[in-house]
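Coordinates in review
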Amino acid sequence: MPYSLPLTPTTSTPSPLVVGVDLTAAGARPGVHRARGIVQPRSFDAERFVQLVRTADDGGLDLVTLDEGFLLHPGRRQVTGRLDAAVAAARVAPHTTRAGLVAAVDTAHVDPAHVAQAVARVDQASSGRAGWQVGLPAGAVVQDDAWAGQARGVAAQVVRHWDGGATGDTAVAVDDEGRFRVDHDGVRFAVRRHRPAEGGAAERRGAGPRQVRPPVVVSVRSEAAIDLAAGTADVVRVAATAPARAVRLRSRLRDAAEAAGRDPDTLRVLTEAYVVLAEDRDGAHARLELVEALEGPEVSGGLLVVAGTPDDLAETIVGWRDTGASDGFLLRPSSLGPDLDALVDGVLPRLVRDGEREVASPAPRTLRATLGLPSALPSAEAATASDAPTTPIGRAGARRGASRLVDA
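Small disclaimer: the values here were computed from a predicted structure and weren't measured.

Some details on the environment of Ala 257
For Ala 257, the position within the fold is in helix 7 (residues 243-259). Ala 257 sits 31 residues away from Ile 226 along the chain, and the two C-alpha atoms are 9.5 Å apart. Setting aside its immediate chain neighbours within four residues, Ala 257 contacts Ala 230, Arg 262 and Leu 267.

Dropping the structure here:
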């Protein structure tokens, strides 16, 4: 039976229709070789990134995700243990008021205590709107059993840090300038962590997230990830190109969550889609053909492709929800500017007019509240959690290997 992360039961409420956007493509990209020649590395444009996130936030989207492919600098795919997505989320958080910010952080090379604190700092900066996506190691392309088992253990440790259950004298220390002090003794260099006095301000500053337990997100791309998601995740990202297959996959996830001792109604299953939007369908299909000619036929990454008008996308989102295929959609715009604008100016207003979504409330809400998830602790939605020391617990490397595709 998969490891279960229990939540405090609450009165059940209707599940909201969740709509989010993946802005991973807003990060820097290393140069790649294509038929048309060498593409120069593209630097990260922080100002453009902030504008995109603010567009999503002002438009009423529920969450913005940055997965493992998000980079702050081109050519860094071989660097392990990076926290680029969390750094970017923390930087943009003060510029947003509503949208959740979900950052993917590696579980194989980043200590659980550091994962917990990185996400907690995003949660502090956003007043309770952070989420953590269980990330693959840098360079890994498959979700195998070894990775899933290791990730399950790390997720449990991260949650214990948030809940205040991890203690010890190996807590992550932070100096007066907010920098981590770590122990490392290796061939290239050796550093020793500064240990502030117990209870000191440097160690305790900003240790706890405002939500106490930010939502955990798992992307399901293999059989191994199903059990991980069922026992660990609050939000599950799935790739399905047909409603019937999505219904079966969502049913499997809910059944597995129930077998793990969880309430399946607290699991949000989001269908991922690659979207190309235009004022008319012919224009959208022409844009899709152009993108596929430039980037290759697999530009969608195996996701559902929706090429059409904003009304077409709105009908798809509602139709899949009504058939039990998903609890909402996580959308990847083909073009970050035009498609994101069409999403917030056309799709979301249509959903509001049809009564499928409420008008975005100006009142501050945590990401758990936005997603209709129960509070992890009774006071989680109302107050900042008490500071909790954290303990790094051992790491295990995730191997690469063959993985069966999900066959729902």
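Quick word on the confidence of the model for the protein chain
Overall, the prediction assigns the protein chain a mean pLDDT of 80, with 73% of residues at 70 or greater. Throughout residues 191-206 the model reports pLDDT below 50, and contacts reaching past four residues in sequence, or to other chains, amount to 36 contacts. Below a pLDDT of 50 lies the segment residues 378-408, which in the model reaches 88 contacts outside its immediate sequence neighbourhood of four places, other chains included.

Focus: the packing of helix 9 (residues 310-322) against helix 10 (residues 338-353)
Between helix 9 and helix 10, whose axes approach to 9 Å, the crossing angle comes to 50°. Taken as axis vectors, helix 9 and helix 10 run oblique relative to one another. Note that helix 9 runs across helix 10; the crossing there is right-handed. Residues Pro 310, Asp 311, Leu 313, Ala 314, Glu 315, Ile 317 and Val 318 of helix 9 form the contact with helix 10, whose own contacting residues are Ala 342, Leu 343, Gly 346, Val 347, Arg 350 and Leu 351.

Looking at the side chain of Glu 223
Looking at where Glu 223 falls in the secondary structure, it is placed in helix 6 (residues 223-232). With relative accessibility at 19%, the residue Glu 223 sits in the buried group. A distance of 2.9 Å separates a polar atom in the side chain of Glu 223 from a polar atom in the side chain of Arg 252.

Quick word on the pairing of strand 13 (residues 268-277)
Strand 13 sits mainly inside the fold: 10 of its 10 residues count as buried. Of the two faces of strand 13, the one holding Arg 268, Leu 270, Glu 272, Tyr 274 and Val 276 and the one holding Val 269, Thr 271, Ala 273, Val 275 and Leu 277 are both buried throughout. Strand direction decides the pairing type here: strand 12 (residues 235-238) and strand 13, joined by four bridges, are parallel. Pairing of Val 235 across the sheet is with Arg 268, part of strand 13. For the crossover from strand 12 across helix 7 to strand 13, the handedness is right-handed.

Basis of the calculations
Residues numbered from 1 in each chain as written. Predicted model: local features only at pLDDT ≥ 70, side-chain atom pairs only at ≥ 80, totals over all residues. Heavy atoms only, no water. Helix = DSSP H or I, 4+ residues; strand = E, 2+ residues; numbered from the N terminus. Contact = heavy atoms within 4.5 Å. pLDDT = per-residue confidence, 0-100. Axes fitted to C-alpha atoms, helices over the stretch in contact; angles between N-to-C directions. Parallel < 35°, antiparallel > 145°, perpendicular 65-115°, else oblique. Left-handed = near helix turned anticlockwise from the far one by under 90°. Buried < 20%, exposed > 50% of the residue type's maximum accessible area, 1.4 Å probe, protein only. Polar contact = N/O pair within 3.5 Å; in protein donor to acceptor, adjacent residues only side chain to side chain. Pairing = 2+ DSSP bridges. Right-handed = clockwise from strand over helix to strand, strands pointing away.

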